[in-house]
Amino acid sequence: MPFAEGASINKLPMFGGVNYAFWKIRMKIFMESIDMGIWDAVVNGPFIPMQVVKEETIKKPWSEWSESERKKAQYDSLAKNIITFAQNMEEFFRVSQCNSAKEMWEVL
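For the structure given in this document, a descriptive report is provided here. (Residues numbered from 1 in each chain as written. Predicted model: local features only at pLDDT ≥ 70, side-chain atom pairs only at ≥ 80, totals over all residues. Heavy atoms only, no water.)

1. With respect to the pattern of salt bridges
Here comes step 1: Throughout the structure, instances matching the rule amount to four salt bridges.
Here comes step 2: Glu69 serves as the salt-bridge partner of Lys60, at 3.1 Å between the closest nitrogen and oxygen.
Here comes step 3: Residue Lys60 is classed as buried on the basis of its relative accessible area of 17%.
Here comes step 4: When its relative accessible area of 14% is taken as the criterion, Glu69 is described as buried.
Here comes step 5: Lys80 is the partner of Asp76 in a salt bridge, and the nearest nitrogen-oxygen pair spans 3.9 Å. Taken together, the positions of Asp76 and Lys80, both in helix H3 (residues 67-85) and four residues apart, correspond to about one turn of that helix.
Here comes step 6: Judged by its relative accessible area of 5%, Asp76 falls in the buried class. (Salt bridge = Lys/Arg side-chain N within 4 Å of Asp/Glu carboxyl O. Buried < 20%, exposed > 50% of the residue type's maximum accessible area, 1.4 Å probe, protein only. Helix = DSSP H or I, 4+ residues; strand = E, 2+ residues; numbered from the N terminus.)

Below, the structure is given as structure tokens:
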């Protein structure tokens, strides 16, 4: 049997406030196994499409995002979802007010 009892390739590694180093490595691998872009959002922060208007760089309106930009921007939401579902209640409340997956990861 390739997995220990209770382990699964599809089950989130849960974090209850102890053994953070072990959990962190497992979460990185879990996110990367779904899509490398998810882990990138944790490391580098959310992707925000930008545009230049009158020589000023501003956030592009959502209605003007390309399909590729929407997919890249979605990675942060996916990462936040994975991180919050892997927390017990106490740890969840520590990160629940964070605005990005990167910020959540830094709080943990």
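2. Quick notes on H3
Here comes step 1: Compared with the 27 Å implied by 1.5 Å per residue over 19 residues, the 27 Å span of H3 between its first and last C-alpha is a close match.
Here comes step 2: Taken together, the buried positions of H3 are Glu69, Ala73, Tyr75, Asp76, Ala79, Ile82, Ile83 and Thr84.
Here comes step 3: Close packing links the buried residues of H3 with helix H1 (20-34), helix H2 (36-44), helix H4 (89-95) and helix H5 (101-107). (Expected span 1.5 Å × (residues − 1). Contact = heavy atoms within 4.5 Å.)

3. Overview of the pairing of strand S2 (residues 56-59)
Here comes step 1: Pairing geometry for strand S1 (residues 50-53) and S2, over four bridges, is antiparallel. Opposite Met50, over in S2, you have Lys59 as the bridge partner.
Here comes step 2: Taken together, S1 and the strand that follows it, S2, pair antiparallel across an intervening segment of two residues, in which Lys54 is found at a positive phi of about 50 degrees. (Pairing = 2+ DSSP bridges.)

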